Amino acid sequence: ERKVAEQDLQRVATDLRALIDTANAPIFGIDQNGLVNEWNNKSAGISGYTQKEVMGKNLVEQFIASEYKTAVKTVLDNALQGQETANFEFPLFTKDNKRIDVLLNATTRRDNKSNIVGVVGVGQDITERKLAEQDLQRV
């Protein structure tokens, strides 16, 4: 009975991993030290950075533009304290230095004892929307 429960749990974990990896939204995770421990396919696709290139690296220090480091760090630090943030906009600069506007939800990640162990960020690429809004303002 215990073995069946463990197999069921493993199947759920595998299904969730596939869901995260194939989601049509950039999803990343950091640990309590701000180091990347989750980077799905969409994150790699929009940023140009592979999972291998970002895992274990400091997200804010290495992948966020200098003028937004403080604001992004504050959002992530707040989530590490249990204060989640929805709809935070910031620019992400890709590996080839292209600007991508991202709308981010930062959610506290907890272990099975409810201890905070990191943050999961789910984003949305809003670059085209922002460009369309700018075009409308010029008219």
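All values reported here derive from a predicted model rather than from experimental measurement. (Residues numbered from 1 in each chain as written. Predicted model: local features only at pLDDT ≥ 70, side-chain atom pairs only at ≥ 80, totals over all residues. Heavy atoms only, no water.)

Draft legend 1. Just the packing of aromatic side chains, in detail. Scanning all chains against the criterion turns up 3 aromatic pairs. Ring geometry for F88 versus F90: centroids 5.9 Å apart, planes at 25 degrees, classification stacked. Each member of the aromatic cluster is reached from another via a ring pair, and the members are W39, Y49 and F63. (Phe/Tyr/Trp six-rings, centres within 6.5 Å; stacked < 30°, edge-to-face > 60°.)

Draft legend 2. Geometry of the side chain of S47. The topology assignment puts S47 in helix α2 (residues 41-47). In this structure S47 comes out as buried when scored by relative accessible area, which is 2%. Of the polar contacts made by the side chain of S47, one reaches the backbone oxygen of S43; its length is 2.7 Å. Among all residues touching S47, those that are not within four sequence positions of it are W39, L92, T94 and K95. (Helix = DSSP H or I, 4+ residues; strand = E, 2+ residues; numbered from the N terminus. Buried < 20%, exposed > 50% of the residue type's maximum accessible area, 1.4 Å probe, protein only. Polar contact = N/O pair within 3.5 Å; in protein donor to acceptor, adjacent residues only side chain to side chain. Contact = heavy atoms within 4.5 Å.)

Draft legend 3. Examining the environment of P26 more closely. Tracing the chain through its elements places P26 in the loop between α1 (2-22) and β1 (27-31). Beyond its immediate stretch of four places on either side in the chain, P26 contacts N40, K42, S43, I46, G121, V122, G123 and Q124.

By themselves, these are just geometric observations and shouldn't be taken as functional.
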